[in-house]
Amino acid sequence: NAGVTQTPKFQVLKTGQSMTLQCAQDMNHNSMYWYRQDPGMGLRLIYYSASEGTTDKGEVPNGYNVSRLNKREFSLRLESAAPSQTSVYFCASKGTGNTGELFFGEGSRLTVL
Amino acid sequence: RKEVEQDPGPFNVPEGATVAFNCTYSNSASQSFFWYRQDCRKEPKLLMSVYSSGNEDGRFTAQLNRASQYISLLIRDSKLSDSATYLCVVFSGGYNKLIFGAGTRLAVHP
């Protein structure tokens, strides 16, 4: 029962470094999402992918890129990390239909110094 | 104005108390509404959907008031294990229209 798996769980970067957060789901969901969560801000959508081969910007896409490698995997890349990108990142997936149930990974805590 | 607003709390209540949270939303075209629960340093998980007629799941009751554009969550007979942050979520259709509130923190003490 893996559900949504994301790695790494923790990462410390220096300003300007790059890194990729990996996410995989085994529920055969079409839609996948990357959110960031900051204190007092709630979850904000960075990018989403409605299906394999498509990606779209969410509310806060600047400084990030994504790749929907296949139906299972959706990665988030920080090309040149900035302190403002210090956050907790959650990957999520959703089944078909107008349901609000997202299945989240355990989160990745990123600190940019 | 934020699309979805919640009182951040914290709500500190004793075991056995009844507590209610409200959440307001700004988009009158919003279609579906949900409450998620998030434990400290964990991922959010769906608690319950909110239906127009109101719905109940054990000690939890959710209600929707479309005219005033708010939803509520009532927890009866609070347990220590109810301590968490409760996120109000509004779905306005489309893949990118699931909007999360910042959450209301509940702390239940003995």
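For the structure, check the block above.
Residues numbered from 1 in each chain as written. Chains lettered and ligands numbered in written order. Predicted model: local features only at pLDDT ≥ 70, side-chain atom pairs only at ≥ 80, totals over all residues. Heavy atoms only, no water.

For the rest of this paragraph, the subject is the overall build of chain B. Each helix and strand counted, chain B has zero helices and eleven strands in total. When the helices and strands of chain B are listed from N to C terminus, the series reads β-β-β-β-β-β-β-β-β-β-β. Against the 2.2 N^0.38 benchmark of 13 Å for 110 residues, chain B shows a C-alpha radius of gyration of 13 Å, consistent with a compact globule. Partitioning the intrachain contacts of chain B with sequence separation of at least 6 by distance along the chain shows that 57% fall at a separation of at least 24. Counting every atom, chain B has about 5,400 Å² of accessible surface; 47% of that belongs to carbon and sulfur. Both charge centroids of chain B, one from 12 positive and one from 10 negative side chains, sit 4 Å from each other. (Helix = DSSP H or I, 4+ residues; strand = E, 2+ residues; numbered from the N terminus. Rg over C-alpha atoms; globule rule 2.2 N^0.38 Å. Contact = heavy atoms within 4.5 Å. Areas by Shrake-Rupley, 256 points an atom, 1.4 Å probe, with all protein chains shown as cover. Lys, Arg positive; Asp, Glu negative; His and termini not counted. Charge placed at Lys NZ, Arg CZ, Asp CG, Glu CD.)

This part covers the overall build of chain A. Within chain A, the regular secondary structure consists of zero helices and eleven strands. When the elements of chain A are put in sequence order from the N terminus, they spell out β-β-β-β-β-β-β-β-β-β-β. Taken over C-alpha atoms, the radius of gyration comes to 13 Å for chain A, in line with the 13 Å a tight globule of 113 residues would show. With the principal axes as the frame, chain A shows a C-alpha extent of 40 × 30 × 25 Å. A burial count over chain A gives 49% of its 113 residues as buried. Across chain A, the fraction of contacts at a sequence separation of at least 24, relative to all contacts at a separation of at least 6, is 53%. (Buried < 20%, exposed > 50% of the residue type's maximum accessible area, 1.4 Å probe, protein only.)

The next thing to look at is unusual backbone geometry. A cis amide bond links Thr7 of chain A with the next residue in sequence, Pro8 of chain A, at an omega value of -5°. Looking at where Pro8 of chain A falls in the secondary structure, it is placed in the loop between β1 (4–7) and β2 (10–13). Along the chain, Gly9 of chain B connects to Pro10 of chain B via a cis peptide bond; the corresponding omega equals 10°. With respect to the element layout, Pro10 of chain B can be found in the loop between β1 (4–6) and β2 (11–14). Residues other than glycine seldom take positive phi values, yet Arg41 of chain B does so here, at roughly 65°. If you trace the backbone, Arg41 of chain B turns up in the loop between β4 (32–38) and β5 (44–50).

As a further point, take the state of the cysteines. Residue and element names in this part refer to chain A. This structure, assessed with the given rule, holds two disulfides over all chains. Residue Cys23 pairs covalently with Cys91 via a disulfide, S to S 1.8 Å. Taking the sign of the S-S torsion, about -75° here, the bridge from Cys23 to Cys91 comes out left-handed. One end of the pair, Cys23, is in strand β3 (residues 19–25); the other, Cys91, is in strand β9 (residues 87–94), with 68 residues separating them in the sequence. (Disulfide = S-S within 2.5 Å.)

Okay, the pairing of strand β5 (residues 42–49) of chain A next. With eight of eight residues buried, β5 of chain A lies mostly within the body of the structure. Taking the residues between adjacent antiparallel strands as the criterion, β5 of chain A and strand β6 (residues 56–57) of chain A are bridged by six residues, where Gly53 of chain A takes a positive phi near 95°. (Pairing = 2+ DSSP bridges.)

All right, on to the sheet that holds β1 of chain B then. All names here are of chain B. The five strands lie next to each other as β1-β3-β8-β7-β6, forming an open sheet whose pairing is antiparallel. Of all strands in the sheet, those with a lone pairing partner are β1 and β6 (55–57), marking the two edges. The average angle at which neighbouring strand axes cross in this sheet is 20°, direction not considered. As paired elements, strand β7 (residues 60–65) and strand β8 (residues 70–75) share six bridges and run antiparallel to each other. Along β8, the bridge assignment pairs Leu64 with Ile71. (Axes fitted to C-alpha atoms, helices over the stretch in contact; angles between N-to-C directions.)

We now examine the packing of aromatic side chains. By convention here, two paired aromatic rings are described through the distance between centres and the angle between planes. Residue and element names in this part refer to chain A. A complete count under the given rule lists twelve aromatic pairs over all chains for this structure. Ring geometry for Tyr33 versus Tyr48: centroids 6.4 Å apart, planes at 25°, classification stacked. Of this pair, Tyr33 sits in strand β4 (residues 31–38) while Tyr48 sits in strand β5, placing them 15 residues apart in sequence. Take Tyr33 and Tyr48: they sit in the same class, and that class is buried. On the numbers, 6.0 Å between centres and 45° between planes, the contact of Tyr35 with Phe104 is tilted. Of this pair, Tyr35 sits in strand β4 while Phe104 sits in strand β10 (residues 102–104), placing them 69 residues apart in sequence. Take Tyr35: its relative accessible area is 1%, and that puts it in the buried class. (Phe/Tyr/Trp six-rings, centres within 6.5 Å; stacked < 30°, edge-to-face > 60°.)

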